[in-house]
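Survey of secondary and tertiary structure
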Amino acid sequence: MPNTKEAESFSISQETREEEVWRKIILRCDGFKPICFPGLPLFSHQAHYEKDDCVHFNLYLRDNGQIYAHCVIKVPSSLSARSFTFGQQIPNQTSMQEFLSACLPINCISPDPSRDVLKFDMQRKIIEQLQGIYCEKIETIFCASTTELPRRKKCLH
Amino acid sequence: MSTLMESVTNDSNSTANYTNTSANNFRIKRVGARPLTFHGIELATAMSFTPSIPYWYEINIFRTTEHKFVLAIRLFFQSSEEEDSVKAWQFESLTDALEKIKSYDPAQDVRVDFDAEQPMAIADLTAKAMFLHAKTSAARSHYASLIGEFFYSLEQS
């Protein structure tokens, strides 16, 4: 007997199966041309820093059965950096772990060394907070990719 | 033509590197090379201006009437003490121009503000090296974010 959360996810899959059609997915990626394919969104998760969204994580199913992950790290304006956007095909769970590690805020953002000591320290603390938020969400994302995802894939096919 | 290009044309005191001498004539000043002059249209532009970051990039692609493609990558600074710079190239195909955007390394634009030949204590040298490394990483991330956005916009259009 599935628990409530799993049952809810499954019912969403059943509803969306009837309505959703393959559409062109364009995933923006820093430093590269976007990844484009006919597909469907499978999973979406957001985390918040103070009142703003800071992490957007999405999984997509391509029409050939491949899974793609897309992650956007929105950086607070006090950090003097633009947002970071990553996208990648995920052939297996190991790739998913590697992808999530690549998106770790601490690997993407550094405090600005040209700032004075106080500002530098403040930036360092914000990055650590973002890192904490992201790491908390990794577990949710990873669980979703191992439990919910195979079911959704099955439903859509 | 972009708003920026029009504003440059109208500002006779501007030190900007573009001169639009008539509707479709462009002249791009280059450091260490003769100005690039051509007749054509602007195909695409992207800018990474973010108020909290002291510099930003602008990318322009033009198509000349001779069916060649001109790429300009400009670096602007918010501070009037820093000098803006521009690099421009002409290509036979749009694909070549897009490849150049992808392969351009913004680390070459990072300015070194110390003399490495002067004797320095190891601690000072280490601090300078870390500072330079952080600036280089920040410049690469910043540029990667811009070109990701640029390619994404091209794909969408």
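Everything below is about the structure printed above this text.
This report concerns the structure included in the present document. (Residues numbered from 1 in each chain as written. Chains lettered and ligands numbered in written order. Predicted model: local features only at pLDDT ≥ 70, side-chain atom pairs only at ≥ 80, totals over all residues. Heavy atoms only, no water.)

Time to look at the overall build of chain B. A count of helices and strands for chain B gives three helices and six strands. Ordered by position in the sequence, the α and β elements of chain B form the string α-β-β-β-β-β-β-α-α. The long-range share in chain B, meaning contacts at least 24 apart out of those at least 6 apart in sequence, stands at 45%. Put simply, chain B shows about 9000 Å² of open surface, and 52% of that area lies on carbon and sulfur atoms. (Helix = DSSP H or I, 4+ residues; strand = E, 2+ residues; numbered from the N terminus. Contact = heavy atoms within 4.5 Å. Areas by Shrake-Rupley, 256 points an atom, 1.4 Å probe, with all protein chains shown as cover.)

A separate point is the pairing of strand β5 (residues 69-77) of chain B. Residue and element names in this part refer to chain B. Burial runs high along β5: nine of the nine residues are buried. What you see with β5 is no split at all: Phe69, Leu71, Ile73, Leu75 and Phe77 on one side and Val70, Ala72, Arg74 and Phe76 on the other are buried throughout. Inspection of the sheet shows strand β4 (residues 55-64) paired to β5 by nine bridges, in the antiparallel sense. From the neighbouring strand, Trp56 faces β5, where its bridge partner is Phe76. The turn linking β4 back onto β5 is made up of four residues, and His67 within it adopts a positive phi angle of 65°. (Buried < 20%, exposed > 50% of the residue type's maximum accessible area, 1.4 Å probe, protein only. Pairing = 2+ DSSP bridges.)

Take the interface of chain B and chain A next. If you look at the interface, chain B gives 22 residues, while chain A gives 21 residues. Both faces combined, the contact of chain B with chain A buries some 1700 Å², and carbon together with sulfur accounts for 62% of it. At the surface where chain B touches chain A, the tally comes to four salt bridges. Put simply, Glu155 of chain B and Lys24 of chain A hold a salt bridge, and the shortest N to O gap is 3.1 Å. For the pair chain B and chain A, the interface holds six residue pairs in polar contact (both at pLDDT 80 or more). Broken down by secondary-structure element, the contributors of at least two residues to the side of chain B that touches chain A are α2 (94-103) and α3 (122-156) of chain B. Ranked by the residues each element gives to the side of chain B that touches chain A, the list is headed by α3 of chain B, at 14 residues. (Buried area = accessible area lost by both parts, 1.4 Å probe. Salt bridge = Lys/Arg side-chain N within 4 Å of Asp/Glu carboxyl O. Polar contact = N/O pair within 3.5 Å; in protein donor to acceptor, adjacent residues only side chain to side chain.)

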